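Inside the fold
Here is what each chain is made of, one letter per residue.
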Amino acid sequence: MSTSAKTSSRDAYDKSPFRSIKHSTYFPVYDQLLSPYQNRDITFVEVGVFEGGSLFMWREFFGPRARIIGIDFNPEAKKWEADGFEIFVGSQSSPDFWDEFFSEVGAVDILLDDGGHTYTQQIITTEMGLDHIKDGGMLIVEDTHTSYLDGFGDKSISFINYCKRWIDRVNSRFGSFVKEQKDRRVWSVEVFESIVAFKVNRAFSQQVSMPTDNGGKRDFSKDFRNADRKLVERDSARIERIIKRGFDIFGGNA
Ligand SMILES: C[S@@+](CC[C@H](N)C(=O)[O-])C[C@H]1O[C@@H](n2cnc3c(N)ncnc32)[C@H](O)[C@@H]1O
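Everything in this summary refers to the structure shown in the same document. Predicted model, so just to flag it, every value in this text is computed and none were measured. Once a new chain begins, its residue numbering starts again from 1 and follows that chain's sequence as written. Residue-level local features of this predicted model are given only where pLDDT is at least 70; pairs of side-chain atoms are given and counted only at 80 or more, and the full residue set underlies all totals for whole chains, interfaces and linings. Hydrogen atoms and water are omitted, and side-chain values are computed over all heavy atoms in the structure.

Considering the overall build of the protein chain
The condition is simple: Helix numbering and strand numbering both begin at the N terminus, where a helix is a DSSP run of H or I of at least 4 residues and a strand a DSSP run of E of at least 2. Relative accessible area decides the class of each residue, using a 1.4 Å probe on protein chains only: under 20% of the type maximum gives buried, over 50% gives exposed, and in between gives partly exposed. Per-residue accessibility takes into account occlusion by the displayed protein chains alone, with areas from the Shrake-Rupley method and a 1.4 Å probe. Here Asp and Glu are counted as negative and Lys and Arg as positive; His is not counted, and neither are the chain ends. We put the charge of a Lys on NZ, of an Arg on CZ, of an Asp on CG and of a Glu on CD.
A tally of regular secondary structure across the protein chain gives nine helices and seven strands. Principal-axis analysis of the C-alpha atoms gives the protein chain an extent of 70 × 45 × 40 Å. Among the 254 residues that make up the protein chain, the fraction classed as buried is 41%. Total accessible area on the protein chain stands at roughly 15100 Å², and carbon and sulfur atoms take up 53% of it. If you average the places of the 34 positive and of the 39 negative side-chain charges in the protein chain, the two averages end up 9 Å apart.

Next up, the structure:
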């Protein structure tokens, strides 16, 4: 097990003595998001224990100072307590389960959702979890590609549609819009293929947005922000093609 050197998530996964199933593209994301927490006194929670392999992976990755907690609806997951993990049995779609969980565990640094992947499960986990993530921590939902698949719920309230609301909510804090945005739990949202990370930093997300001026000496340069209209007209056909490409999900770089 690691002590001070940092292990990559892929190495930790390969070393796990029990089976874990993760998509290959997740490892660079884990390394980028989670390496700042390695070898620290953190509380890490994963929803979805399955065959136990990821519990060992995370212990290897974070090192011995981390408190590793697994959640699963399958009561057999309790057996992993014999290996030093904390296991909670319950459904991630149950608000009551989360109330009890956080009243027992307290605030956590990282909550990773690799459970059942329905939109209800993902949204309830996020909504119930965000209040209990420590500042500087994050809530990560994986397998978010289910938002584009059948069989995971009503697509109009897919997890990715819910995430788009978070983009609007974060931007609604701009000073000229909403003076009183009530939901300021998330500082930023980071989107990867099949993974979304919600970063929590209350001090940053509760800042009031207002224009500032550094008071430096003025030289009264003209602002050219609308001066390129003729240029845009001249190149309109190409500009239109480029913008269209920007909205084409499956388009190439041509
Ligand atoms: C994809 S597997 C987890 C894989 C594991 N994290 C790994 O990396 O190997 C999904 C797990 O989520 C659990 N699960 C499914 N629905 C759940 C729910 N509503 N609440 C809690 N756990 C659930 C399943 O029992 C299963 O063990």
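From this point on, the discussion continues.
Here's the deal with unusual backbone geometry
If a residue is not glycine, its phi is most likely negative; likewise, a peptide bond is most likely trans. Non-glycine residue N39 carries a positive phi angle of around 55°. Judged by its relative accessible area of 11%, N39 is buried. Positive phi values are uncommon outside glycine, yet S194 reaches one of about 70°. Its location among the elements puts S194 in the loop between β6 (188-192) and β7 (195-199). The class of S194 is buried, set by a relative accessible area of 8%.

Description of the site of the ligand
Cut-off, in case you're wondering: Each residue is tested against the molecule or strand, and it is near if at least one of its non-hydrogen atoms lies within 4 Å. Counting of polar contacts relies on pairs of N or O atoms within 3.5 Å, with two restrictions inside protein: one atom must be capable of donating a hydrogen and the other of accepting it, and residues adjacent in sequence are counted only when both atoms are side-chain atoms. Residues are grouped as follows: Ala, Val, Leu, Ile, Met, Phe, Trp, Tyr, Cys and Pro are nonpolar; Asp, Glu, Lys and Arg are charged; all remaining types, including Gly, are polar.
Residues in contact with the ligand amount to 16 residues; listed here are only the nearest, S20, I21, G48, D72 and D114. Here a nitrogen atom of the ligand sits 2.7 Å away from a polar atom, N or O, in the main chain of G48. In this structure, Q92 approaches the ligand through a main-chain N or O atom, which is 3.0 Å from a nitrogen atom. In the complex, 84% of the free accessible area of the ligand, which totals 600 Å², lies under the protein chains. When the residues that make up the shell around the ligand are grouped by side-chain class, the tally is three nonpolar, nine polar and four charged.

Describing the packing of helix α2 (residues 26-34) against helix α3 (residues 53-62)
What counts here: All axes here are fitted lines through C-alpha atoms, helices being fitted over the stretch that makes contact, and every angle between N-to-C directions spans 0 to 180 degrees. Throughout, the term roughly parallel applies to angles under 35 degrees, roughly antiparallel to angles over 145, roughly perpendicular to angles from 65 to 115, and oblique to all others. We call a crossing left-handed when the near helix sits turned anticlockwise from the far one by less than a right angle, and right-handed when that turn is clockwise. The contact criterion used throughout is that any non-hydrogen atoms of two residues lie within 4.5 Å.
Two elements in contact, α2 and α3, have axes whose closest approach is 12 Å; the angle formed by their N-to-C orientations is 45°. Taken as axis vectors, α2 and α3 run oblique relative to one another. Of the two elements, α2 crosses α3, and the hand of that crossing is right-handed. Listed contacts from α3 to F27, Y30, D31 and L34 of α2 are M57, W58, F61 and F62. Split into classes, the residues belonging to the contact of α2 with α3 amount to seven nonpolar, no polar and one charged.

Here we look at the pattern of salt bridges
For clarity, the cut-off: A side-chain nitrogen of Lys or Arg and a carboxyl oxygen of Asp or Glu constitute a salt bridge if their distance falls within 4 Å.
Across all of its chains, the model carries 19 salt bridges by this definition. Between R67 and E86 there is a salt bridge, with the nearest N and O atoms lying 2.6 Å from each other. On the criterion of sequence distance, the pair formed by R67 in strand β2 (residues 67-72) and E86 in strand β3 (residues 86-89) is long-range, its members being 19 residues apart. Connected through salt bridges with shared partners, the residues E127, D131, R169, D183 and R185 form a single ionic network.

Some thoughts on the nonpolar core
This is how it is decided: Side-chain atoms within 4.5 Å are what join buried Ala, Val, Leu, Ile, Met, Phe, Trp, Tyr and Cys residues into a set we call a nonpolar core.
In this structure, L34, W58, F62 and I140 are the most contacted members of the largest nonpolar core, which totals 31 residues. Among the nonpolar cores identified, the runner-up in size contains 27 residues, and I69, I71, F102 and I133 belong to it.

What to know about a negative patch on the surface
Quick note on the threshold: Candidate patch residues must exceed 30% relative accessible area and have no salt bridge, after which like charges are joined if within 9 Å and Val, Leu, Ile, Met, Phe, Trp or Tyr side chains if within 5 Å.
Residues D96, D99, E100 and E104 make up a contiguous surface patch of negative charge. If you trace the backbone, D99 turns up in helix α4 (residues 95-105).

Details of the side chain of E60
Among the secondary structure elements, E60 is positioned in helix α3. For E60, the side chain forms a polar contact with the side chain of K15, separated by 3.4 Å.

Some words on the environment of G216
You can see G216 is positioned in the loop between α7 (202-205) and α8 (229-234). Separated by 12 residues in sequence, G216 and D228 place their C-alpha atoms 27 Å apart.

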